[in-house]
Amino acid sequence: MRGLNKVMLIGHLGKDPEIQHLEQGVTLAKFSIATSEAYTDKDGQKVTQTEWHNIVIWRKLAEIAEQFLKKGSLIYLEGKIRTRSWEDKEGNKRYSTEIVADNFTMLDKKGDADSIAVADQSPAMAEEPEGEQETVDDLPF
C-alpha cells in the first residue's frame, strides 16, 4: 500500500520570504507561516494556540513568492512534510522539519483582483533540483 504525505495550511507569513538564486537559474524561497487555533478552556477563558511552520518553495513558485508575498500575507498552501538531519559543529545530530509547498493561494483582501492569486507547481517540480526540469505555468486570477 502506498503512503500519503499531504499538508494543507492557512496562515500568515512571519517574515518576508528569504530568496536564494542557485545554479542553473533555480530559485529557492524560505519563510515561516503561523497557524492559530482558538478555544475556550474549562474556566471560560479564550485560549489561542499558534504553530509556526517552516516553508520551502522551489523554482517558478519561488519566483512568484518573491514577487507577491511579504510579512503578514495570508496564504493557503499545499505541500508535503520533509525532515532533514545533519551534524552540527559539536557533532550533535540536528533535525529540521519543513513543508515543501507545491502550490499556494494568496488570500489577502485588498479590494482588487490582483490581491488574490493562485500559484501551482507539479509535485515533481517541488523537489530539490536533480538536473533540468521543465517549467510550470502559474495560474494568477
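Since the structure is predicted, the reported quantities are computational estimates derived from the model, not experimental observations.

Cut-offs applied
- Along each chain, residues carry numbers from 1 onward, in the same order as the chain's sequence is written.
- Since the coordinates come from a predicted model, pLDDT governs what is reported: local features require at least 70, and pairs of side-chain atoms require 80 or more to be given and counted, while whole-chain, interface and lining totals use all residues.
- Side-chain calculation: all heavy atoms of the structure are included, whereas hydrogens and water are not.
- Comment: elements are numbered from the N terminus, with helices defined as DSSP H or I runs of at least four residues and strands as E runs of at least two.
- Relative accessibility thresholds used throughout: buried, under 20% of the residue-type maximum; exposed, over 50%; partly exposed, between the two (1.4 Å probe, protein chains only).
- Every residue pair with non-hydrogen atoms within 4.5 Å of one another is taken to be in contact.
- For every accessible area listed, the method is Shrake-Rupley and the probe measures 1.4 Å; residues are considered covered only by the protein chains on display.
- The quantity known as pLDDT measures the predictor's confidence residue by residue, on a range of 0 to 100.
- A pair of strands counts as paired when DSSP detects no fewer than two bridges linking them.
- Here a salt bridge means any side-chain nitrogen of Lys or Arg lying within 4 Å of a carboxyl oxygen belonging to Asp or Glu.

Secondary structure summary: the protein contains 2 helices and 7 strands in total. Counting helices and strands in the order they occur from the N terminus, the protein gives β-β-β-β-α-β-β-β-α. Here the protein holds 141 residues, and the buried ones make up 35% of them. Taking contacts inside the protein between residues at least 6 apart in sequence as the whole, the part at least 24 apart equals 54%. With an accessible surface of roughly 9600 Å², the protein has 48% of that area assigned to carbon and sulfur atoms.

A few words now on the confidence of the model for the protein. Of the residues in the protein, 77% have a pLDDT of 70 or more, and the chain-wide mean is 83. For the protein, the element scoring lowest by mean pLDDT is helix H2 (residues 123-126), at 44; strand E1 (residues 7-13) scores highest, at 96. Throughout residues 111-116 the model reports pLDDT below 50, and contacts reaching past four residues in sequence, or to other chains, amount to 8 contacts. Counted against residues more than four places away or in other chains, residues 123-141, with its pLDDT under 50, gives 41 contacts.

Examined bridge by bridge, E1 and strand E5 (residues 74-87) share 6 bridges and lie antiparallel to one another. The residue of E5 that forms the bridge with Gly11 is Ile75. When E5 meets strand E6 (residues 93-106), the two strands line up antiparallel, connected through 13 bridges. From the neighbouring strand, Arg82 faces E6, where its bridge partner is Glu98. With antiparallel pairing between neighbouring strands as the criterion, E5 and E6 make up a hairpin whose turn holds 5 residues, including Gly91 at a positive phi of roughly 85°.

Before going further, it helps to examine the pattern of salt bridges. Where charged atoms of side chains with opposite charge meet at close range, the side chains can pair. Counted under the stated rule, the structure contains 5 salt bridges. Across the salt bridge formed by Glu98 and Arg82, the nearest N and O atoms sit 2.6 Å from each other. Of the two residues, Glu98 sits in strand E6 while Arg82 sits in strand E5, which places them 16 residues apart along the sequence. Both residues of the pair, Glu98 and Arg82, count as buried. Look at the salt bridges and you will find they share partners, linking Arg82, Arg84 and Glu98 into a network.

Position of Ser32 among the secondary structure elements: in strand E3 (residues 27-40). Ignoring anything within four residues of it in the chain, the contact list for Ser32 reads His12, Leu13, Gly14, Lys15, Trp52, His53 and Asn54.

A few words on unusual backbone geometry. Backbone geometry at Gln24 places phi at a positive 60°, although glycine is not the residue there. Turning to its location among the elements, Gln24 is positioned in the loop between strand E2 (18-21) and E3. In this structure Gln24 comes out as exposed when scored by relative accessible area, which is 65%. One non-glycine residue, Arg59, adopts positive backbone phi at about 55°. Relative to the assigned elements, Arg59 resides in helix H1 (residues 59-68). In this structure Arg59 comes out as buried when scored by relative accessible area, which is 9%.

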